[in-house]
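The residues making up each chain are set out below.
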8 protein chains.
Amino acid sequence: MRDLLEAVAAGEVSPAEAQAELAGYATSGAGRFDATRESRSGVPEAILGDGKTPAEVAALAETAVETTGRAIVTRIEAPAVTAVRETVADTAPAATLRWDERARWLVATTPSFERPSLDATVGVVTAGTSDAVPAGEAAMIVGEMGAAVTRVDDVGVASMARTIDAVDRLRDQDVLIVAAGREGALPTVVAGLVDVPVIGLPVSTGYGHGGNGEAALSGMLQSCTALSVVNVDAGFTAGVQAGLIARQIDATR
Amino acid sequence: MRDLLEAVAAGEVSPAEAQAELAGYATSGAGRFDATRESRSGVPEAILGDGKTPAEVAALAETAVETTGRAIVTRIEAPAVTAVRETVADTAPAATLRWDERARWLVATTPSFERPSLDATVGVVTAGTSDAVPAGEAAMIVGEMGAAVTRVDDVGVASMARTIDAVDRLRDQDVLIVAAGREGALPTVVAGLVDVPVIGLPVSTGYGHGGNGEAALSGMLQSCTALSVVNVDAGFTAGVQAGLIARQIDATR
Amino acid sequence: MRDLLEAVAAGEVSPAEAQAELAGYATSGAGRFDATRESRSGVPEAILGDGKTPAEVAALAETAVETTGRAIVTRIEAPAVTAVRETVADTAPAATLRWDERARWLVATTPSFERPSLDATVGVVTAGTSDAVPAGEAAMIVGEMGAAVTRVDDVGVASMARTIDAVDRLRDQDVLIVAAGREGALPTVVAGLVDVPVIGLPVSTGYGHGGNGEAALSGMLQSCTALSVVNVDAGFTAGVQAGLIARQIDATR
Amino acid sequence: MRDLLEAVAAGEVSPAEAQAELAGYATSGAGRFDATRESRSGVPEAILGDGKTPAEVAALAETAVETTGRAIVTRIEAPAVTAVRETVADTAPAATLRWDERARWLVATTPSFERPSLDATVGVVTAGTSDAVPAGEAAMIVGEMGAAVTRVDDVGVASMARTIDAVDRLRDQDVLIVAAGREGALPTVVAGLVDVPVIGLPVSTGYGHGGNGEAALSGMLQSCTALSVVNVDAGFTAGVQAGLIARQIDATR
Amino acid sequence: MRDLLEAVAAGEVSPAEAQAELAGYATSGAGRFDATRESRSGVPEAILGDGKTPAEVAALAETAVETTGRAIVTRIEAPAVTAVRETVADTAPAATLRWDERARWLVATTPSFERPSLDATVGVVTAGTSDAVPAGEAAMIVGEMGAAVTRVDDVGVASMARTIDAVDRLRDQDVLIVAAGREGALPTVVAGLVDVPVIGLPVSTGYGHGGNGEAALSGMLQSCTALSVVNVDAGFTAGVQAGLIARQIDATR
Amino acid sequence: MRDLLEAVAAGEVSPAEAQAELAGYATSGAGRFDATRESRSGVPEAILGDGKTPAEVAALAETAVETTGRAIVTRIEAPAVTAVRETVADTAPAATLRWDERARWLVATTPSFERPSLDATVGVVTAGTSDAVPAGEAAMIVGEMGAAVTRVDDVGVASMARTIDAVDRLRDQDVLIVAAGREGALPTVVAGLVDVPVIGLPVSTGYGHGGNGEAALSGMLQSCTALSVVNVDAGFTAGVQAGLIARQIDATR
Amino acid sequence: MRDLLEAVAAGEVSPAEAQAELAGYATSGAGRFDATRESRSGVPEAILGDGKTPAEVAALAETAVETTGRAIVTRIEAPAVTAVRETVADTAPAATLRWDERARWLVATTPSFERPSLDATVGVVTAGTSDAVPAGEAAMIVGEMGAAVTRVDDVGVASMARTIDAVDRLRDQDVLIVAAGREGALPTVVAGLVDVPVIGLPVSTGYGHGGNGEAALSGMLQSCTALSVVNVDAGFTAGVQAGLIARQIDATR
Amino acid sequence: MRDLLEAVAAGEVSPAEAQAELAGYATSGAGRFDATRESRSGVPEAILGDGKTPAEVAALAETAVETTGRAIVTRIEAPAVTAVRETVADTAPAATLRWDERARWLVATTPSFERPSLDATVGVVTAGTSDAVPAGEAAMIVGEMGAAVTRVDDVGVASMARTIDAVDRLRDQDVLIVAAGREGALPTVVAGLVDVPVIGLPVSTGYGHGGNGEAALSGMLQSCTALSVVNVDAGFTAGVQAGLIARQIDATR
């Protein structure tokens, strides 16, 4: 950021351009990072690892740590984790890294970073083990936005007894994210049993007709109980939406 | 049929051709009616009303009554019902007609017709009132094939209590046909609660993405509990499949 | 309901069956009405007018008024409105009816009915006049669930100035429902400008490839800003989801 | 399981929760295994190998052997077979393993395990060699459910003589599973020649328009002879459905 | 045509433009009619009735009769038939009209018109009565191109005996057009039984998934016996293709 | 084959079964090979290499050479070529092998094999170099069926001059196979310029919407000039259809 | 507009709001009309008749005439034409109306309205008569934006001679809009023959697979010659795009 | 080329064929290169690297350099770059090569080659870093056609401020190519803010429903502001279309 201001001082960049730059985004060689996104829209900026080289991910993560004290990366693979680790070790040696290899996310934070803390709880519910990846991504971003997370796993409708056993815990949450693949019936069943808002998260399991999460998505859109829905495997989006609702609930507590 | 035999006698039709003709089908001006289908494949021949004129339906129904003692018509509209009624009144005045206006089927039988009687019960289950048409068509053909029918209506998953209340009745059936539209979750839920074979029958309700029964169909194909499935609104096919299973069960009792 | 209890007294219905019946649903000839749905899942039961005869709609509306003091009907046409009006005039002459001909909903309430009142505001935003029907349906059910409604109309992205003019009003809401047809870009743009949860409501406008709301739906599911989404034209579902969020916000105020 | 009971004793888990746990499912680190699924719904619980690590497959197989005396794994690859073999060798050294490399299933059983034995025969029919994988999966689960299996291979409709040669054998079965890829005409042809229930099993062969089994699936759903259908390559589901029908037939013998 | 030549004489139209005009097409107010199409590509120009007003159809038919001695109209409705009849009565009172109301085609010819006569026979085969419309259109154009037509009707695969009875007649044709709706298996079965080229003609019957002829089309494209295919209901195209093959066969006789 | 006859002699196989076996097909461990397909339906049996192991391909090729004097393999990869070469070297050392690496086909023939010879010529036309694979497959099978082949390459519509230059050569053929990918316009253009039957062969080029040959296929099905069509990349099918037409033409010469 | 200014004067509307209002849009009861759209984006605001009542169309047309001196309505039906005629007769009696019944557009202008005049020519090309509606809509808006229009009709690829005859006229245009339905090959062919930018306009003709313009659209997107494309039947969009290009060309002349 | 002329001299090739050859295309073993495409249609011939071997790419590039002084290759991988480099070093050692590894294009030019120079500027706009590949391809071909290129990157609608900051720069261009993936809203937003023609370039980002650029494509086709569109990732086509427009603008300056 200093570089930009010095460029202004040197007349290389006009004040108008600098203002635009400072109003929202920092530029590294690997793209722009929207440093003020959180203050503007309540959503922490995250870096999507898919389709970027390890070096690009590391450069964006460095900018994120530098400008906001935290880097959130989703869909990250091991080589990019190594690259981020090395880069951050250089430029922010006091930062701590958390990495969930299965759910494929990484969060780096500086010691001075203060995560928001919301007085609201989000339930993250899965039908089976194959829902773990998007559900894990959702739970991570809910936590980074400051809400408490309750995990309720393996309550798929094939064994309805499990689902019904969990009803009291489900009713205690402020918002529910319900992940399910194949026919995706779980969010429909849950929404008929509770009185809290349910966000359906379709998961890309299943083969043949309606596979890759398409049957789950269309089933949730057609649900005879009221749901809102995100795209297939869009755990990040489901988590952000739940986090925004948690912010509204917290604001009034 | 006499015409054919006389044509053989007259040398106009070869005995070989006559044999083929008599082995399976009677011809009227409106098409062929497969009079021996039931003995060959266990399935009563039925006349699909859709896309035929009232006169064509009536001609085929007349041939059916004449050759097998019974006419089954599906997807029939009021004008065709009238045409059949008049035709049958002429040629088989002792025949009785049953017509289900809502489920759109008609069955005409002569007094001498003996419906098969199977020692097996088929449950026909619906999620809501809009499933009544294909479910009614299924129940009719199950009955015509000789099995007992138990209707279990309005047990949709939006109110899971209704579904669970019905479990004992569902477990008492030999086979279940479960109809559902929109997200089509009911057969999945039922199949997880019972130990009898379940045939999923998707219904063409719902609008938007996955509407017209497509979400229900793909959800049933993707079900995490084991189902077999028929096409959207194919109540006749579901009923025949349940009837064939009932025949196998009966044969062993 | 009295009939049921008398049937129990007469031994025609077991207490167990009666309990199930009373726990959640009343039965009329036209289907079941889930009278306790609101207490169980926070969602008022509504009657979908599409695909029902005027007589069926009226019978269900009568049951609804009788058991809950209110009938909500969506996608209702004029003949069914007349039928409801006549039936309600008979059985609940003091009831008042509101009918929105354009948005095709009807609400009947008895004088003693107390609508819930939530301390939360839902913004209902449209891109153009053709979004009025689902947006109106959404606004109605939000109101019936007790939240305040703010309408922000005609802020489509073709004239970005209109959208930006509305930002302050949009930021003042607790939740936003944003309706848009054709390419459906409005919810994406709005979600980038505010910090409240946005529910995207795709509308079935547009012809050719991606028409009937399919482009709007897939665009909202792919949005580069975080949204949750409902099916095409599913104003009722969007409204219920916003209402459930409003209930959570209210509970904490 | 002992851990759970001790946790109850220690007051860490309530009896109610323990009851639920014991009523239906055992938990390992790799997910839950539904140990009572067979008694509840007549379907042996199986482990889907696809998308699980060898270690996860092995852990679930171990739990399965421990709680039910048998582990069934479908879509298993060689490394997972090795992992299961090693794990089972440790914890149940007397167990025997059967592995079909081509059809990709593995079954492990302890000496004390008693496979059910049903007095019913299921025919598993293929159109060509590429149908072997799902047909083999179907035949395995039919056998594990206790029915006899008759294989009728390579009777594709391109050489109708082969199909007609097989008719007598086909008519002798109690139920038929008919697998076919490409245009999937075989189940339609077979169902016209026999009087037993036919379950169509579409296979993911074929390229271009309608490839990957989509033409076969839609053709079977549209069949002019009565079939029920499972999803593309869903040999396990077809086998379970046939097994459930066989159970009904056996129960009456 | 005289008008054009006079316009050339008058200098209003250049000889070059006139040459282009005369090389291939005549212009009426209702569009251009390609009068030399038959000599150029062997295909008689036909007028598609769908989407044209009766007056437009009549004007084009008049041009056709005037320039080639014959008008062929497909997908024609009764009002357009009347319009053609009146127009032709005026301008070519000696012309004869043939109209097939069911298959919706009309052919008008002047007494001097000489239909080509080919020494080749085309079999037109149907699976059921609902295939009659496109099959009739195909048979008409085959006849207009000069080949002999053999109709083989109602040989659907649900009763394989009928199909097999017809094999000898099928093998006697030079080319076969085989029409079928729903799952469209008939052309596949026929092509396995004969050694003549088969053109599959999918018909828009069937509802639900794969309905409107889509399953038939994709099944024919995936056929395990060699077929070429035309679009759903494209009887005219199938007939022209068979006619062109018949021309080649005739040329060598 | 001797094994079978000896099994009959030994009473292990009934004469009836043997008759069926000999009537059409020889069995190796890798599946059945339909040895009399050519005499029955005019189409030489071919082995599809895709999805088979080299050993399976070699075993089927051996059976083919043994029973018919020729093996035709399509979509074959180098390892399978090696396997066939070795197997044939053992069992039929005098056989000759031709392999087209680019078009991925292999033909092995014994010295005594007599390829049919038809007095007819098939033109195989391509729009660009990426059409070479299916066009090459088509040309091979046309040749094996005995017709002469004329290749006309690189006449894509982007440079219409090339197409028009080729018209005379195109008009000289008895049948045309026209391959094209992307928008697939070439067969439409060619069919407007010639008076011989055209078979459209869509090729799986192109990315994005309509890619993988789907736009080419649907364009050919919608062609405003009369074509018949085969599936995407189905060069074998196109070639067989052209070969069958050539047989009809030859029969009359 | 006066009302707004008076509301400002009265303190009922803030100057800021008024500024926004005046910057771009006028509000009638039937929706907003974007009066400054033309000055901002170069595109005249048009009223889409589809889905609006005659009264709504008339109210918007009145606002358009009042604020910009011109009303453009597309997809208008006769009753709405009458309503506009009456409304305009009242409020702007000197205005003139042009209505193209076939292409379904209406333009009303006041005597003082000055249509822009651009020194650029746009060719509007059609393949057949069924392309007339979207082509007419395109030609109208090109004209209203001020460019000259050259119509080149009936040059479909079925008769390539017609297309080639037209090449010189096509090469003389500054931009071409080429409309085509069914397989949509014409824009591909034209773009290979000229050196001016071509905008492909797919038309919703054709039935069966790829019908309703889908094959034409995907073929144009896949074209082997460079095109840009608009949606099916989107004549207005094609015309505006050509008009914007004409403006750029004119600006430099 | 000399070879051809000598073949003519030798009587091996007719003058007519030679004329055709010279009128438009040069032939190498790897296919034809359309050397006069640029003079005929204004579009430089380019070589698509995808699906060609390095040797084929190099042979075509050699022909291109030889006949036109320039070779343009798109979608080229490193091995093909090496092959081209070596071949060109042999046959045109003075040529210079430019290679953009990220956007995957290569341009080789001889010293004597004169790139056209147009007095027009094309803006190439991206929403994010993942749009770089097709945008880079578009910018390259615009440059090779002679227009100036302005890059405006990272102005995605998630941060509307960035977009609005760029408006003045966008309005200064003669034509805009706007690339965007996921929901593809950027071209719609930009076209509402400027008065120059906008070409939408959908990019194959995004997963789940509407992924791979399908949502972006359908959204741009449905845009409520006027756009023309190219296929997903078709940067080359977008660039050529912009270049053709630039040529028209230049011609009038």
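Structure: see above.
Residues numbered from 1 in each chain as written. Chains lettered and ligands numbered in written order. Predicted model: local features only at pLDDT ≥ 70, side-chain atom pairs only at ≥ 80, totals over all residues. Heavy atoms only, no water.

Caption draft 1: Seen up close, the relation of the copies chain C and chain A. Take chain C, turn it by 180°, move it 0.0 Å along the axis, and it overlays chain A with an RMSD of 0.0 Å. Within this description, the copies of the chain are treated as partners about a two-fold rotation axis. Both copies present the same face, since 100% of the interface residues in chain C are matched by interface residues at the equivalent positions in chain A. (Least-squares fit on C-alpha atoms with pLDDT ≥ 70 in both. Contact = heavy atoms within 4.5 Å.)

Caption draft 2: Just the interface of chain C and chain A, in detail. Listed by partner, the interface residues are 36 residues for chain C and 36 residues for chain A. The junction of chain C with chain A conceals about 2,900 Å² of combined surface from both sides, 51% of it contributed by carbon and sulfur atoms. The three residues of chain C that bury the most area against chain A are Leu221(C), Gln248(C) and Thr252(C), which together make up 20% of that side's buried surface. For the pair chain C and chain A, the number of links is two salt bridges. Measuring nitrogen to oxygen at the nearest pair gives 3.2 Å for the salt bridge that ties Arg247(C) to Asp195(A). Counting across the interface, chain C meets chain A through 11 residue pairs in polar contact (both at pLDDT 80 or more). Elements represented by at least two residues in the side of chain C that touches chain A include exactly helix 3 (37–41), strand 10 (198–202), helix 10 (214–221), strand 11 (228–229) and helix 11 (235–251) of chain C. Among the elements that make up the side of chain C that touches chain A, the one with the highest residue count is helix 11 of chain C (eight residues). A per-class count over the side of chain C that touches chain A returns 17 nonpolar, 12 polar and seven charged. (Buried area = accessible area lost by both parts, 1.4 Å probe. Salt bridge = Lys/Arg side-chain N within 4 Å of Asp/Glu carboxyl O. Polar contact = N/O pair within 3.5 Å; in protein donor to acceptor, adjacent residues only side chain to side chain. Helix = DSSP H or I, 4+ residues; strand = E, 2+ residues; numbered from the N terminus. Nonpolar A, V, L, I, M, F, W, Y, C, P; charged D, E, K, R; others polar.)

Caption draft 3: Up close: the pairing of strand 7 (residues 121–126) of chain C. All names here are of chain C. Of all six residues that make up strand 7, five are buried, and the element is covered over most of its length. Of the pairings in the sheet, the one linking strand 7 to strand 8 (residues 148–152) comprises five bridges and is parallel in character. Looking at strand 8, one finds that Val124 is bridged to Arg151. Viewed along the sheet, the connection from strand 7 through helix 6 (residues 132–144) into strand 8 turns out right-handed. (Buried < 20%, exposed > 50% of the residue type's maximum accessible area, 1.4 Å probe, protein only. Pairing = 2+ DSSP bridges. Right-handed = clockwise from strand over helix to strand, strands pointing away.)

Caption draft 4: Expanded view of the pattern of salt bridges. Counted by the stated rule, this structure contains 80 salt bridges over all chains. A salt bridge links Arg102(C) to Glu56(G); the shortest N-O distance between them is 3.2 Å. One end of the pair, Arg102(C), is in the loop between strand 5 (96–100) and strand 6 (105–109); the other, Glu56(G), is in helix 4 (residues 54–68), on a second chain. According to the relative accessible area criterion, Arg102(C) is partly exposed, its value standing at 44%. Of the residues examined, Glu56(G) reaches a relative accessible area of 16% and is grouped as buried.

Caption draft 5: Expanded view of helix 5 (residues 78–91) of chain B. All names here are of chain B. Compared with the 20 Å implied by 1.5 Å per residue over 14 residues, the 20 Å span of helix 5 between its first and last C-alpha is a close match. When helix 5 is considered as a whole, its buried residues turn out to be Ala80, Val81, Ala83, Val84, Thr87 and Val88. Angularly, the buried residues of helix 5 cover 160° about the axis, an arc narrow enough to put them on a single face. Residues of helix 5 that are exposed and angled more than 90 degrees away from the buried face: Pro79, Glu86 and Asp90. If you follow the buried residues of helix 5, they end up packed against helix 4 (54–68), strand 5 (96–100) and strand 6 (105–109). (Expected span 1.5 Å × (residues − 1). Arc of directions from axis to C-beta.)

Caption draft 6: Just the sheet that holds strand 4 (residues 70–74) of chain G, in detail. Residue and element names in this part refer to chain G. One open sheet accounts for four strands, arranged 3-4-6-5; its pairing is mixed. Every interior strand has two partners, whereas the edge strands, strand 3 (47–48) and strand 5 (96–100), have only one. Note: strand 3 against strand 4, two bridges, orientation parallel. Directly across from Leu48, in strand 4, lies its bridge partner Thr74. Its contacts with the sheet put helix 6 (residues 132–144) on strand 4, strand 5 and strand 6 (105–109), and the angle it makes with strand 4 is roughly 165°. (Axes fitted to C-alpha atoms, helices over the stretch in contact; angles between N-to-C directions.)

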